[in-house]
Amino acid sequence: MNPLIRYRRFILPAALLLAAAAGMALVERAWQTASVRRQNSHEMSSCHPAAAGFAHIPAGSFLMGSDAHYAEEGPQQAVAVAAFDIDRFEVTNAQFAQFITESGYVTSAERATKLGFPESGSAVFSRSTWSFVAGADWRHPDGPDSDIQGRDHDPVVHVSFEDAQAYADWAGRALPTEAQWEYAARGGLNGQEYAWGDTLTPGGNHLANTWQGLFPVADTGADGHAGRAVVGCYPANGYGLYDMIGNVWEWTADPYFPDRRFGKDLPADRLERPIGFDPRQPGVPVGVIKGGSFLCAPTGCRRYRPAARHAQDTGLGTNHIGFRTVSRTAARDAMP
Ligand SMILES: [Ca+2]
Ligand SMILES: [Ca+2]
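Rules and cut-offs
- Residues numbered from 1 in each chain as written.
- Chains lettered and ligands numbered in written order.
- Predicted model: local features only at pLDDT ≥ 70, side-chain atom pairs only at ≥ 80, totals over all residues.
- Helix = DSSP H or I, 4+ residues; strand = E, 2+ residues; numbered from the N terminus.
- Buried ≥ 20, exposed ≤ 12 C-beta atoms within 10 Å, placed from the backbone.
- Contact = placed C-beta atoms within 7 Å.
- Pairing = 2+ DSSP bridges.
- pLDDT = per-residue confidence, 0-100.
- Arc of directions from axis to C-beta.
- Core = buried A, V, L, I, M, F, W, Y, C linked by C-beta atoms within 7 Å.

Draft legend 1. Looking closely at the overall build of the chain. Secondary structure assignment for the chain yields 4 helices and 10 strands. Ordered by position from N to C terminus, the α and β elements of the chain give α-β-β-β-β-α-β-β-α-α-β-β-β-β. Sorting the 336 residues of the chain into buried and exposed places 43% on the buried side. Nonlocal contacts in the chain, meaning residues at least 24 apart in sequence, comprise 71% of its contacts between residues at least 6 apart.

What follows is the structure, encoded as structure tokens:
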């Protein structure tokens, strides 16, 4: 048989695939360019980069979790939380820099060899994929050639659980428990899907920095930002808190278990607490992160909801995980 005839059934599909890939790349580049323009104009007009401070969260009970989405979010149950106060914003690069200057602390990413990684660095999502990038750390969020010049009010990233805990200790504060975090994120609404109600984009308005478009190929930035945003660019929730949903994921104090009730009787002292368990990465110490990030899309990760939770290697920060702190309290959440 003529080789051309033999292989022509493969040639057309291959050509179509190549054309599709090239087309996707062009679309991605065009969207990214447009997104940067939207981001710049958005940050000029509606962000609160200089804002700081705490919000008081009153004691109360709420429906924690959800039975309508991912299995690890259930069961939905009533949980009582004592009063506390919480940072209104994600911790920023400027705040973290002050901590580093005053304490001399060195982050996990900067001493990654001691944690078993081949060299210092961290996990970076870039060009549609995750990779370990040598030299990536909080000062170099996208890799060694990047920096945080002019990004004082971006949320700090590439912080491990240990780093976040060290900051909280320095500040005389604590990381929120999972229950505290979710209670605060709901902003006084009870049992609703989102931090602002039951509709993701009410009236077509985007109320958090997430991902629009085909994940992980192209983020259209329809919400005003493709990638991290300066803190405080989206409306506050009912408690006056910004970016509880989206922008960057946030560490909680709690170890991760597929069923959150496994942790309900653990001692409050974190040093006495187990390292958690995630069947998808057995043997890896895992903590609970909440809120989703700029990478959460309807087609990829629908975790831009207060009930959503995710397991994260406690030793590994990434370029989409940060944190905020709460006041110290002796009271544990009352989970049935
Ligand atoms: Ca976005
Ligand atoms: Ca957040």
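Resuming the write-up.
Draft legend 2. Examining the environment of His-320 more closely. Along the chain, His-320 falls in the loop between strand S9 (310–313) and strand S10 (321–322). When the 25 C-beta atoms within 10 Å are taken as the criterion, His-320 is described as buried. Considered as a pair, His-320 and Leu-295 are 25 residues apart in the sequence and their alpha carbons are 7.7 Å apart.

Draft legend 3. Molecular detail of the sheet that holds strand S7 (residues 249–255). On the basis of which strands lie adjacent, the open sheet formed by 4 strands has the order S9-S8-S7-S10 and mixed pairing. Of all strands in the sheet, those with a lone pairing partner are S9 and S10, marking the two edges. When S7 meets strand S8 (residues 286–290), the two strands line up antiparallel, connected through 3 bridges. Across the sheet, residue Pro-255 finds its bridge partner in S8, namely Gly-287.

Draft legend 4. Quick look at the confidence of the model for the chain. When the pLDDT values of the chain are averaged, the result is 85; 79% of them are 70 or greater. Contacts from residues 1–44, a stretch scored under 50 in pLDDT, to residues over four places away or in other chains number 27 contacts.

Draft legend 5. Local environment of helix H2 (residues 93–103). Three or more residues of H2 are buried, namely Asn-93, Gln-95 and Phe-96. Here the buried residues of H2 occupy an arc of 165° about the axis, which is enough to place them on one side. Along H2, the residues that are exposed and aim more than 90 degrees away from the buried face are Thr-101 and Glu-102. Taken together, the buried residues of H2 touch helix H3 (161–171). In the stretch just after H2, Gly-104 is the one whose phi turns positive, near 75°.

Draft legend 6. Examining the nonpolar core more closely. In this structure, Ala-184 and Leu-241 are the most contacted members of the largest nonpolar core, which totals 34 residues. For this core, the secondary structure elements donating two or more residues are strand S3 (77–81), strand S4 (84–87) and helix H4 (178–185). Core analysis: the second largest hydrophobic core is formed by 28 residues, Phe-96, Val-248, Tyr-256 and Ala-311 among them.

Draft legend 7. Quick peek at H3. All buried positions along H3 are accounted for by Phe-161, Asp-163, Ala-164, Gln-165, Tyr-167 and Ala-168. Tucked into the core, H3 has its buried residues touching H2, S7 and S8. Two residues or fewer past H3, Gly-172 is found with a positive phi of approximately 75°.

Draft legend 8. Focus on the environment of Ser-103. When you line up the elements, Ser-103 lands in helix H2. Assessed through the 12 C-beta atoms surrounding it within 10 Å, Ser-103 is described here as exposed. Residues Ser-103 and Trp-170, spaced 67 residues apart in sequence, show a C-alpha to C-alpha distance of 7.7 Å.

Draft legend 9. Molecular detail of the pairing of S8. The element S8 is largely enclosed, with a buried count of 5 among its 5 residues. The alternating pattern of S8 places Val-286, Val-288 and Lys-290 and Gly-287 and Ile-289 on opposite faces, both of which are buried. Direction of pairing for S8 relative to S9: antiparallel, over a ladder of 4 bridges. Each residue of the ladder has a partner; that of Gly-287, found in S9, is Gln-312.

Draft legend 10. A look at the environment of Arg-111. Assignment of secondary structure puts Arg-111 in the loop between H2 and strand S5 (121–126). The spatial distance from the C-alpha of Arg-111 to the C-alpha of Gly-121 is 8.0 Å, given a sequence separation of 10 residues. Discounting chain neighbours no more than four positions away, the residues touching Arg-111 are Val-106 and Ser-120.

Draft legend 11. Here's a closer look at unusual backbone geometry. In this model, Gly-74 is joined to Pro-75 through a cis peptide bond whose omega is -5°. With respect to the helices and strands, the residue Pro-75 is situated in the loop between strand S2 (60–64) and S3. With a phi close to 50°, Arg-127 is a non-glycine residue in the positive phi region. On the secondary structure map, Arg-127 appears in the loop between S5 and strand S6 (129–134). Here the phi dihedral of Ser-128 falls at roughly 75°; this positive angle occurs in a residue that is not glycine.

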